[in-house]
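In case you want the letters, here they are:
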Amino acid sequence: MMRPFRFADLGAVGALAALIAVPFPGIALAQTASAQPAPAQPAPQAEPAAPAQAAPKLETFGRWSTLVDEVDTGEDLRKTCAASTAFIGAGGVPGTLTLVITNGDALPPDAYPSITIAVDNKGLPAGKSIAATFGDDKGRVAAKLHSDGAVNGRLSWTVDNQAKISLALLRAMRRASVLDVSFGDAPVGSISMDGFTKAYRSLGASCGFPTADVAP
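Small disclaimer: the values here were computed from a predicted structure and weren't measured.

I'd like a rundown of unusual backbone geometry, residues and numbers included.
Between proline 108 and proline 109 the backbone carries a cis peptide bond, its omega angle lying at 10°. Even without a glycine there, the phi angle at serine 129 is positive, about 55°. Inspection of the secondary structure puts serine 129 in the loop between β5 (114-119) and β6 (130-136).

Tell me about the packing of helix α1 (residues 163-175) against helix α2 (residues 196-207), and please be specific about residues and values.
The interhelical angle for the contact between α1 and α2, taken along N-to-C directions, is 135°, at an axis separation of 8 Å. One way to sum up the angle between α1 and α2 is to call them oblique. The segment α1 lies against α2, with Leu170, Met173 and Arg174 engaging Phe196, Thr197 and Tyr200. Tallied by class, the residues present in the contact of α1 with α2 amount to four nonpolar, one polar and one charged.

Talk me through the pairing of strand β1 (residues 57-61); I want residue IDs and the actual numbers.
Looking at chain direction, β1 and strand β2 (residues 64-72) are connected through five bridges and run antiparallel. In the strand pairing of β2, glutamate 59 is matched with threonine 66. The antiparallel pairing of β1 with β2 creates a hairpin that spans two residues between the two strands, and glycine 62 there sits at a positive phi of about 60°.

A description of α1 should follow, citing residues and the corresponding values.
For α1, with 13 residues, the first-to-last C-alpha span of 18 Å sits near the 18 Å given by 1.5 Å per residue. Taken together, the buried positions of α1 are occupied by Ser166, Leu167, Leu169, Leu170, Ala172 and Met173.

Explain the nonpolar core residue by residue, including any values.
Of all hydrophobic cores here, the largest spans 44 residues; its most connected members are Phe134, Met173 and Phe183. Not counting residues within four places of it along the chain, the set of residues in contact with methionine 173 comprises Trp64, Leu97, Leu99, Leu179, Met193 and Phe196.

I'd like to hear about the sheet that holds β2, residue by residue, with values.
Pairing within the open sheet is antiparallel, and its ten strands lie in the order β1-β2-β3-β4-β5-β8-β7-β6-β9-β10. Edge positions in the sheet fall to β1 and β10 (186-192), since each has one partner strand and no second. Averaged over all neighbouring strand pairs, the angle between strand axes comes to 25°, with direction disregarded. Of the strand pairs in this sheet, β6 and strand β9 (residues 178-183) are connected by four bridges, and their pairing is antiparallel.

Analysis parameters
- Residues numbered from 1 in each chain as written.
- Predicted model: local features only at pLDDT ≥ 70, side-chain atom pairs only at ≥ 80, totals over all residues.
- Heavy atoms only, no water.
- Helix = DSSP H or I, 4+ residues; strand = E, 2+ residues; numbered from the N terminus.
- Axes fitted to C-alpha atoms, helices over the stretch in contact; angles between N-to-C directions.
- Parallel < 35°, antiparallel > 145°, perpendicular 65-115°, else oblique.
- Contact = heavy atoms within 4.5 Å.
- Nonpolar A, V, L, I, M, F, W, Y, C, P; charged D, E, K, R; others polar.
- Pairing = 2+ DSSP bridges.
- Expected span 1.5 Å × (residues − 1).
- Buried < 20%, exposed > 50% of the residue type's maximum accessible area, 1.4 Å probe, protein only.
- Core = buried A, V, L, I, M, F, W, Y, C linked by side-chain atoms within 4.5 Å.

The following block contains the structure:
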């Protein structure tokens, strides 16, 4: 069943969905009383119109939400494609798991979407080359990750993007119904993969990369 999309679900990609506000046209102010009309002012030169930007496309697949944000640079159409799911981590703290890729990046099979976890758990290890495991009782994938700045007030960690490891991790996400995540010996949480396959296929269709090696 489709559920209402919430920007909070996107966690680390919330900033990617920010829209540029369009200023309201200026409102003419009434002139103060005067016997003399105001002198005529030269008409301002019209600014070149900026390319119109489409609103981000938002979809929900099970527990996963996807976002496709298009920016027309005037020379090409740059797309950012993201998928995210919210979870309750160890100790009852909220978190998100997010994939992000753009059509300007190296694409699969040369490189895969970046994988970021943001969670309100200050007890997790921080720094570079943090050992992490992802998987379930059918198998686990070891990966290295590094901590980043806070995302929407939460600490965040990104998996070092090596194609072989990223592919194995994405396949584990495709296989598992619930993905168990630990940083070293510290449990992060058990994250539902309901809807992941459709969400990943949607990213491939939107950003133009093959998905059969992860989600056939």
